[in-house]
Amino acid sequence: MTVLQSETDGVIQGAGLHPIVVDLDHTFLKVDTLYELFATGLFTKPLATLLSLLALRDGIAAFKACLASLARLDPSVLPVRGELFDYLAEQKARGRDIHLATAADRSIAEGVARHHPIFKSVQATENSENLKGAAKARKLAALFPDGFVYAGDSFADLPVWRAARAAIVVSDNRSLGDAVAATSVPVEKTFDDKSPRASAWIRAFRPHQGAKNASVFVPLALGWHDITPAGFVKTVIFTALLCAVASLTYLVNDMADLAADRKHWSKRRRPFATGALPVRDGLLIVGVALPILLALSFLISPLGGVCLLCYVVVTLGYSFGWKRVPIFDTFIISLLFTIRVLIGIAVARLQPSAWLLTFSMFFFFSLALAKRHTEILRAAEHKAGKLEGRGYQLNDAGLTMNFGISASMASIVIVVIYLVEDVFSRHFYSTPAWLWVAPIAIFLFTCRIWTLSHRGRMTDDPVAFALRDRLSLGLGLCVALSLLLAI
């Protein structure tokens with residue numbers, strides 16, 4: 001491995017062709033390490049990370065150093081711009097020296113350079129000097145008196161390009177290209193990353209997961225006799241609000257799982273993990289939109305707003321650490337589904353049923369365990385020693401299956417008690433015998449889920465699988481028809 005040089009007062013001599021000096025954030029890497037550090041710290045040491053903002057009083061360099069002392073980034077999983085890396089490797093093979101110069105904290109820059117031994121030296125922010133813009137230009141001009149070629153990505157790099165012999169532009173921003181051309185510095189190479197941002201946001205919001213929020217309507221379907229038109233309209237509006245809030249919490253979860261997702265065989269393609277979406281934008285959207293949506297929910301239904309606030313608090317608890325506690329994490333998932341049911345009860349002003357809520361907890365606890373069981377089996381297939389970002393080991397497969405099947409059988413017993421104690425006694429239905437189709441269908445569905453999961457044929461999410469599986473959809477249709485026939 002090349003020994004990294006960290007010249008401060010000396011001069012780094014060029015060899016033959018002008019050396020290439022490369023920026024780190026959004027240039028060599030697809031991400032900004034400052035915001036990645038902040039997000040990592042926020043989900044591991046939230047209070048200390050928020051307090052680190054006070055270090056800004058001493059300048060941005062002090063803030064970066066404080067943040068770097070609180071959180072660590074794994075350079076092996078940070079997404080690199082492949083085309084630029086290949087070009088730099090090709091130029092290095094031709095005898096050109098490649099150097100790294102970045103406004104990121106030195107500890108971050110050196111970590112990346114150690115993992116990618118293509119760099120001959122590292123220049124970075126340290127002490128009180130933030131190595132950016134004009135400061136970087138002066139530093140590089142002193143270090144490379146014979147000239148250098150600079151690779152950057154933003155308008156902040158214009159002073160550096162003016163001091164360079166040539167520019168490598170890593171951006172698809174036409175205005176930036178025009179600004180570089182206006183400096184009269186020749187462009188050696190341009191790398192355009194035109195990944196569609198809109199489709200990346202759609203994938204990050206996971207609109208297909210909105211089907212899970214249909215559980216809000218379960219108490220309405222069972223308590224149709226007590227539904228008012230106003231209550232139904234409010235429930236529809238509130239469900240749309242819940243879908244938006246749930247999408248924001250998916251952003252939070254993805255930002256909390258960055259390192260683990262990048263090591264996962266399928267989750268590594270998520271937009272934040274690949275660098276298709278910047279963490280900064282995710283934090284801003286969640287920070288602004290989530291309080292607004294919660295405020296709207298209280299205006300529509302104060303009691304529903306309380307339930308939605310509980311949903312957000314539990315979800316954030318899950319993202320901030322509960323998901324790393326085995327079994328408890330699946331309990332939290334089942335609790336989130338049950339809160340959805342509570343939202344339907346609260347907004348439509350229905351009488352709550354303890355049996356219905358208990359059934360929801362056991363039923364969704366079983367499905368959540370089926371998801372974890374599938375992930376454990378797939379981790380074994382991919383030779384992983386454990387589930388990244390979770391607390392499960394490969395030998396926990398038997399545990400998840402035993403708990404999951406037990407919970408599914410308990411849910412069947414509970415739904416039978418619910419029908420006998422709550423539904424039949426209220427005389428809502430003219431032919432309630434049709435309702436016995438429900439426990440039979442639920443039994444067959446959970447048996448199918450666990451059979452496929454045991455065989456390794458289940459996708460990561462049983463709920464998403466059920467929406468694509470014809471047999472599962474057929475069983476759901478049977479339940480719906482039985483409710484209609486019972487009326």
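Residues numbered from 1 in each chain as written. Predicted model: local features only at pLDDT ≥ 70, side-chain atom pairs only at ≥ 80, totals over all residues. Heavy atoms only, no water.

A. Broad picture of the overall build of the protein. Summing up its helical and strand segments, the protein has 22 helices and 6 strands in all. Seen through its C-alpha atoms, the protein measures out along the principal axes to roughly 90 × 50 × 35 Å. Here the protein, with 487 residues, has 52% of them falling under the buried criterion. Sequence-distant contacts in the protein: of pairs separated by 6 or more residues, those separated by 24 or more amount to 67%. With an accessible surface of roughly 21700 Å², the protein has 63% of that area assigned to carbon and sulfur atoms. Between the averaged position of the 49 positive side-chain charges in the protein and that of its 39 negative side-chain charges there is a distance of 4 Å. (Helix = DSSP H or I, 4+ residues; strand = E, 2+ residues; numbered from the N terminus. Buried < 20%, exposed > 50% of the residue type's maximum accessible area, 1.4 Å probe, protein only. Contact = heavy atoms within 4.5 Å. Areas by Shrake-Rupley, 256 points an atom, 1.4 Å probe, with all protein chains shown as cover. Lys, Arg positive; Asp, Glu negative; His and termini not counted. Charge placed at Lys NZ, Arg CZ, Asp CG, Glu CD.)

B. Quick look at the nonpolar core. Counting 71 residues, the largest nonpolar core has L251, F272, L308, Y311 and I343 as the members making the most contacts within it. Sequence-distant contacts of I343, defined by excluding residues within four places in its chain, comprise V216, F238, L242, C307 and L308. With 37 residues, the next largest nonpolar core counts I20, A109, A124 and V149 among its residues. (Core = buried A, V, L, I, M, F, W, Y, C linked by side-chain atoms within 4.5 Å.)

C. Summary view of unusual backbone geometry. In this structure, S184 takes a positive phi of about 65° despite not being glycine. One can find S184 in the loop between α9 (174–182) and β6 (187–191). We note that R349 has phi near 55°; this positive angle belongs to a residue other than glycine.

D. How the structure looks around the pattern of salt bridges. Counted according to the given criterion, the structure contains 18 salt bridges. One salt bridge in this structure joins R372 and E375, with 3.1 Å as the shortest N-O distance. In this pair, R372 and E375 both sit in helix α18 (residues 354–381), 3 residues apart, roughly one turn of the helix. Across this residue pair, the class does not change: R372 and E375 are buried. Between R448 and D469 there is a salt bridge; the shortest N-O distance is 2.8 Å. Here R448 is found in helix α20 (residues 437–454), whereas its partner D469 is found in the loop between α21 (462–468) and α22 (470–486), with 21 residues between them in sequence. Since its relative accessible area comes to 24%, R448 is described here as partly exposed. Through salt bridges that share partners, R106, E110, R114 and E126 make up one connected network. (Salt bridge = Lys/Arg side-chain N within 4 Å of Asp/Glu carboxyl O.)

E. Spatial organisation of the packing of helix α10 (residues 197–205) against helix α12 (residues 229–256). Close contact between α10 and α12 brings their axes to 8 Å; oriented N to C, the two are set at 95°. Looking at the two axes, α10 sits roughly perpendicular to α12. Judged by residue contacts, W201, A204 and F205 of α10 engage S247, L248, Y250, L251 and D254 from α12. Looking at the contact of α10 with α12 residue by residue, the class counts come to 6 nonpolar, 1 polar and 1 charged. (Axes fitted to C-alpha atoms, helices over the stretch in contact; angles between N-to-C directions. Parallel < 35°, antiparallel > 145°, perpendicular 65-115°, else oblique. Nonpolar A, V, L, I, M, F, W, Y, C, P; charged D, E, K, R; others polar.)

F. Spatial organisation of the sheet that holds strand β2 (residues 98–105). Sheet architecture is open: 6 strands sit in the order β3-β2-β1-β4-β5-β6, paired in parallel fashion. A strand with exactly one partner marks an edge of an open sheet, and here the two such strands are β3 (121–125) and β6. Between one strand and the next, the sheet's axes are offset by a mean angle of 15°, whatever the strand orientation. Pairing analysis gives 3 bridges linking strand β1 (residues 20–22) to β2, with the strands arranged parallel. Each residue of the ladder has a partner; that of I20, found in β2, is I98. Sitting on the sheet, helix α6 (residues 106–115) touches β2 and β3, and the angle it makes with β3 is about 155°. (Pairing = 2+ DSSP bridges.)

G. Looking closely at α6. Most of α6 is tucked away: 7 of the 10 residues are buried. For α6, the complete set of buried residues consists of R106, I108, A109, E110, G111, V112 and A113. Considering only its buried residues, α6 is in contact with α1 (24–28), α2 (33–44), β2 and β3.

H. Spatial organisation of the confidence of the model for the protein. Of the residues in the protein, 96% reach a pLDDT of 70 or more, and the chain-wide mean stands at 90. Counted against residues more than four places away or in other chains, residues 1–16, with its pLDDT under 50, gives 42 contacts. (pLDDT = per-residue confidence, 0-100.)

I. Region of the structure containing the packing of α20 against α22. Direction vectors running N to C along α20 and α22 enclose 170°, while the axes themselves pass 9 Å from each other. One finds that α20 runs roughly antiparallel with respect to α22. Handedness of the α20/α22 crossing: left-handed. Across from V437, A438, A441, L444, F445 and R448 in α20, the residues of α22 making contact are L471, S472, L475, C478, V479 and S482. Residues of the contact of α20 with α22, tallied by class, amount to 9 nonpolar, 2 polar and 1 charged. (Left-handed = near helix turned anticlockwise from the far one by under 90°.)

J. Representation of helix α19 (residues 397–426) in the model. Along its 30 residues, α19 runs 42 Å from first to last C-alpha, staying within 8% of the 44 Å computed at 1.5 Å per residue. Its axis deflected by about 35° at L419, α19 carries its strongest bend there. Remark: H427 follows α19 within two positions and exhibits a positive phi of approximately 55°. (Expected span 1.5 Å × (residues − 1). Bend = angle between axes of the 7 residues up to and from the residue.)

K. Up close: the pairing of β6. One ladder, built from 4 bridges, connects strand β5 (residues 166–170) with β6; its direction is parallel. Bridging from a neighbouring strand, I168 pairs with K189 of β6. A crossover connection joins β5 to the parallel β6 through α9; in handedness this β-α-β unit is right-handed. (Right-handed = clockwise from strand over helix to strand, strands pointing away.)

L. Broad picture of the packing of aromatic side chains. Inspection of the entire model under this criterion finds 16 aromatic pairs. Between F363 and F364, the ring centres sit 5.1 Å apart and the planes meet at 75°, which makes this aromatic pair edge-to-face. Take F363 and F364: they sit in the same class, and that class is buried. Between F424 and W436 the ring centres are 5.5 Å apart and the planes differ by 65°, which places this aromatic pair in the edge-to-face class. Residue F424 is located in helix α19, and its partner W436 is located in the loop between α19 and α20; the two are separated by 12 residues in the primary sequence. Given a relative accessible area of 35%, W436 falls into the partly exposed group. (Phe/Tyr/Trp six-rings, centres within 6.5 Å; stacked < 30°, edge-to-face > 60°.)

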